[in-house]
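Coordinate inspection notes
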Amino acid sequence: MLSILQKKNNPVLGIDISSTSVKILELSRAGGRYRVECYGVEPLPASAIVENNVQDVEAVGDALKRAVARSGTRARQSAVAVAGSAVITKTIEMNASLSEDEMESQISVEADQYIPYSLDEVALDFEVQGPAKNNPEMAEVLLAACRSENVELREDVCEVAGLDCKVVDVEAYAMERAFELVTSQLKGDAKELTVAVVDIGATMTTLSVLSEGKTIYTREQLFGGQQLTEEIQRRYGLSAEEAGLAKKQGGLPDDYETEVLQPFREAAVQQITRSLQFFYSSSQYNSVDYVVMAGGSASVDGLDQLVRERTDTPTVVANPFVGMSISPKVNTTALSNDAPSLMIACGLAMRSFD
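Residues numbered from 1 in each chain as written. Predicted model: local features only at pLDDT ≥ 70, side-chain atom pairs only at ≥ 80, totals over all residues. Heavy atoms only, no water.

Under the counting rule described, the total for this entry stands at 13 salt bridges. Its salt-bridge partner being glutamate 121, residue arginine 147 comes within 2.8 Å of it at the nearest N-O pair. Placement of arginine 147 in strand 9 (residues 138–147) and of glutamate 121 in the loop between helix 2 (100–110) and strand 8 (122–131) is noted, with a sequence separation of 26 residues between them. Of the residues examined, arginine 147 reaches a relative accessible area of 35% and is grouped as partly exposed. Between arginine 177 and aspartate 169 there is a salt bridge; the shortest N-O distance is 3.0 Å. This pair shows no difference in class: arginine 177 is buried, exactly as aspartate 169 is. Within this structure, Glu42, Arg66 and Arg70 form a network of salt bridges that share partners. (Salt bridge = Lys/Arg side-chain N within 4 Å of Asp/Glu carboxyl O. Helix = DSSP H or I, 4+ residues; strand = E, 2+ residues; numbered from the N terminus. Buried < 20%, exposed > 50% of the residue type's maximum accessible area, 1.4 Å probe, protein only.)

It is worth spelling out the nonpolar core at this point. Judged by nonpolar contacts, the single largest core of 38 residues is most densely connected at Leu25, Leu27, Val292, Phe321 and Cys346. Contributions of two or more residues to this core are made by strand 2 (21–30), strand 3 (33–43), strand 6 (77–82), helix 4 (171–182), strand 11 (194–200), strand 14 (290–294) and helix 10 (343–349). Apart from residues lying up to four places away in sequence, phenylalanine 321 is in contact with Leu25, Val36, Leu335, Ala339, Leu342 and Cys346. Residues Leu44, Val54, Val87 and Leu163 belong to the second largest nonpolar core, which totals 33 residues. (Core = buried A, V, L, I, M, F, W, Y, C linked by side-chain atoms within 4.5 Å. Contact = heavy atoms within 4.5 Å.)

Moving on to the sheet that holds strand 14. Spatially, five strands are ordered 13-12-11-14-15 in an open sheet, and the strand pairing comes out mixed. Looking at strand neighbours, the two that pair on one side only are strand 13 (214–222) and strand 15 (315–317), the edges of this open sheet. Each adjacent strand pair in this sheet contributes to an overall mean axis angle of 20 degrees, direction not counted. Relative to strand 15, strand 14 runs parallel, the two being bridged by three bridges. Bridge assignment links valine 291 to a residue of strand 15, and that residue is threonine 315. Against the sheet, helix 8 (residues 303–311) contacts strand 11, strand 14 and strand 15, and its axis sits at roughly 160 degrees relative to strand 15. (Pairing = 2+ DSSP bridges. Axes fitted to C-alpha atoms, helices over the stretch in contact; angles between N-to-C directions.)

This part takes up a negative patch on the surface. On the surface, a cluster of negative charge is made up of Glu100, Asp101, Glu102 and Glu104. With respect to the helices, strands and loops of the structure, glutamate 102 is situated in helix 2. (Patch = residues over 30% accessible without salt bridge, like charges linked within 9 Å, V, L, I, M, F, W, Y side chains within 5 Å. Areas by Shrake-Rupley, 256 points an atom, 1.4 Å probe, with all protein chains shown as cover. Lys, Arg positive; Asp, Glu negative; His and termini not counted. Charge placed at Lys NZ, Arg CZ, Asp CG, Glu CD.)

Right, let's get into the environment of serine 118. Its place among the elements puts serine 118 in the loop between helix 2 and strand 8. Classification of serine 118 by relative accessible area gives partly exposed; the value is 36%. Each C-alpha atom, one on serine 118 and one on arginine 147, is 9.4 Å from the other, the two residues being 29 residues apart in sequence.

Before going further, it helps to spend a moment on the environment of leucine 186. Structurally, the position occupied by leucine 186 is in the loop between helix 4 and strand 11. Of the residues examined, leucine 186 reaches a relative accessible area of 8% and is grouped as buried. Considering only alpha carbons, one finds leucine 186 and alanine 59, 127 residues apart in sequence, at a separation of 39 Å. What leucine 186 contacts, discounting residues up to four positions off in sequence, is Phe179, Leu193, Val195, Tyr290, Val292 and Val316.

Given below as structure tokens:
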């Protein structure tokens, strides 16, 4: 079985391959405190990634190689992730007395009951979650499966970059792991909170709802910061690169705030409130305690305030590096600006310490 969930003890470089960039992060830990050793962000060519699928292994691998070189990391073992929408997960119950090898053998025989693909086409893994609630003689076992191609393409990208792919995780679980680091930004006992994490990437917005620190719901929608970049291009006659820089650094005409930025904020809030309504309508919940904003567009000026007002819910912008020490070779200002978009990379880098 290819490893999707199994824990590894070797230090790994967290690598988040998104639709427009590759983000890498290396963490160390001493005395229970994390330290950022290296990080880097490298843009990807257009269409190298389409709808979470790697279309151009060489282009993505070359970008990853540049990010590794510029970051200064010496790590050569890596962890990557597949999108949650590409993964089928199911919790089953198995006899708790079985060893992991015995569980693996049994799952291999019975997996076609749970997976709607030919087993020749999937990467399959499992993780024991603990005793079943209603029967301590049984164990709850989480199965995760995705098409082998999704795993192998990410392994190929790492190979092009000269890295050894040790872990293939799931983005939702990486986000869940990094969420542990954000709880210091929230009031109250994190184990008792229900939190909506909204990850606004370049082309996709993902809502993950966590209750007691565990993911209970995810939903993806085609919406992201690229729409703002394209509107800046169109309105002001800029290239994609110029528009991206202007979006981050400012210097756009006076009408940018009212004519471009505010409509984008309104559209983003509409997507968020719609996703939350889908969650409420399909669950026992009718509210969340917090909205945590993540992703490259989380830091758009005024967006968190507007989300707070429209949802009537406390809203914070995620920064997983609060309380961490930072290596002198890391640009702290750049790291702070990129922090919300590094949640998945951070969750993957934390696999070093499982």
